[in-house]
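Survey of secondary and tertiary structure
Here is what each chain is made of, one letter per residue.
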Amino acid sequence: MVTAGGHDRRSFFRELLRGATRAVEEVETLRRGADEAIRRSAPDEGGAAALPPRPAAPTQRLAAVDEVRSLCVELGRAEWADEAAALARTSFRLTPGSTGRSWLGGAPGVGEPFIWPAWEGVELDFLARIALEELPPSPLPPRGALLVFFALDRSPSGLRPAHAGACRVVHVDDAVDDDPDDVSRLRLAASGELTLPAEPSFPLDLSELEDWTELRERLASSQGVELDERTAEQEALHRLLGHPDTYAADMELDADLVSRGVNLEEEPHAHVLDEEHAHDAAPWTLLLQLSSDEAFGALFEDAARLFVWLRNEDLAAGRFDDVRAFLR
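All values reported here derive from a predicted model rather than from experimental measurement.

1. Here's the deal with the overall build of the protein chain
Helices and strands together make up the secondary structure of the protein chain, namely 8 helices and 14 strands. Pairs at least 24 apart in sequence give 69% of the contacts found in the protein chain among residues at least 6 apart. As displayed, the protein chain has an accessible area near 15900 Å², and 54% of this comes from carbon and sulfur atoms.

As structure tokens, this is what we get:
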């Protein structure tokens, strides 16, 4: 039996370890971002500006869950095999494609009547259209399209309950008013990828966390792609479902706390103080990750990524009217 004081100390030291790990990783992220900024701003030999962040590559194959177990054994971490396999989630990388009815930017391609979503009296910006029939089998509805809107000009963090509604996901019929000449659209193709979280749910020390990252890197390599935080250049990586590409942990719990009225800008450590509730919190899943991408004209503040979360029960029911979105 763990006493209240022991529980508090355990929570404190767990958060301290996470904080130290994130600090090291964030320094590396800042270094890579600085290198990328220099690369992008420096003229090349012809006097032109360097290219923007490169588009992420599609996967070459989708790994099976049993491969996660095998990779754990290869890494000398056979004791992780079952728990790592249980944490694996299938995702879809959304990368540039020449055809299809999914795209970023431009117009949503819906006919009349359509009520454009607004937040605080201002219409939201359209970001993405995902044609569900073009996806491999997934927990998403098999038909229709998801339209994603966000208050891009104001870019709220999502940490306040009042930010609900700044991101909207609308499920529509897939009758599409397509314009093949609309160059403002970045057409997308989906490729399956098995993903693991940046941090597992079981506790690890710093050396074990490095092995966990190595496991994720090997899993990505087995599917023909690079692990995002190990890439030399910044990538515009868009993702549907799966685990987010970020060092910011506990977004699922953040989504649950904000949905219950907790202001995480004023109480940033509420997830530590409320750890007991965390075990009973309604599970949330990543619906969509969008990166800053000059190819379709969306640049989030400080080159952040937008992470859109949905309750598992809403995903199973095909409901998308209560999402929580964070800029990280």
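2. Thoughts on the sheet that holds strand β11 (residues 238-240)
Overall, antiparallel pairing links the 10 strands, which are arranged β8-β7-β6-β3-β9-β2-β11-β12-β13-β14 in an open sheet. Two strands bound the open sheet, and with one partner strand each, they are β8 (167-172) and β14 (324-327). Across 2 bridges, the pairing between strand β3 (residues 103-104) and strand β9 (residues 186-195) is antiparallel. Note on β9: the bridge partner recorded for L104 is L186. Relative to β14, helix α5 (residues 251-259) is tilted by about 120 degrees, and along the sheet it contacts β2 (89-96), β12 (284-291), β13 (305-311) and β14.

3. So, the nonpolar core
With 33 residues, the main nonpolar core has L140, L240, L287 and V308 as its most contacted residues. When residues of this core are traced back to their parent elements, those giving at least two are β2, β6 (125-131), β7 (145-150), β8, β9, β12, β13 and β14. Those residues within four positions of L287 in sequence are excluded, and the remaining contacts are L140, L146, V169, R239, L240, L241, V308, W309, L310, F320 and V323. Listed in part, the 18 residues of the second largest apolar core include A63, V68, A88 and L215.

4. Here's the deal with empty space enclosed by the protein
For the structure shown, the criterion picks out 4 cavities of 30 Å³ or more. Lining the largest cavity are 16 residues, with E193, T195, L196, R216 and L227 positioned closest to its centre. Of all elements in the fold, only β9 and α4 (206-222) reach the threshold of two or more residues within the lining of the largest cavity. Put simply, the second largest cavity is a space of about 70 Å³. Along the walls of the second largest cavity sit 14 residues, with G158, H163, A164, A166 and A325 positioned nearest its centre.

Rules used throughout
- Residues numbered from 1 in each chain as written.
- Predicted model: local features only at pLDDT ≥ 70, side-chain atom pairs only at ≥ 80, totals over all residues.
- Heavy atoms only, no water.
- Helix = DSSP H or I, 4+ residues; strand = E, 2+ residues; numbered from the N terminus.
- Contact = heavy atoms within 4.5 Å.
- Areas by Shrake-Rupley, 256 points an atom, 1.4 Å probe, with all protein chains shown as cover.
- Pairing = 2+ DSSP bridges.
- Axes fitted to C-alpha atoms, helices over the stretch in contact; angles between N-to-C directions.
- Core = buried A, V, L, I, M, F, W, Y, C linked by side-chain atoms within 4.5 Å.
- Buried < 20%, exposed > 50% of the residue type's maximum accessible area, 1.4 Å probe, protein only.
- 1 Å grid on protein atoms, 1.4 Å probe; cavity = no way out; pocket = protein on both sides within 12 Å on 5 of 7 lines; lining within 4 Å.
- Points joined across faces, edges and corners; volume = space filled by probe spheres on them.

Any link to function would need more than the numbers given here.
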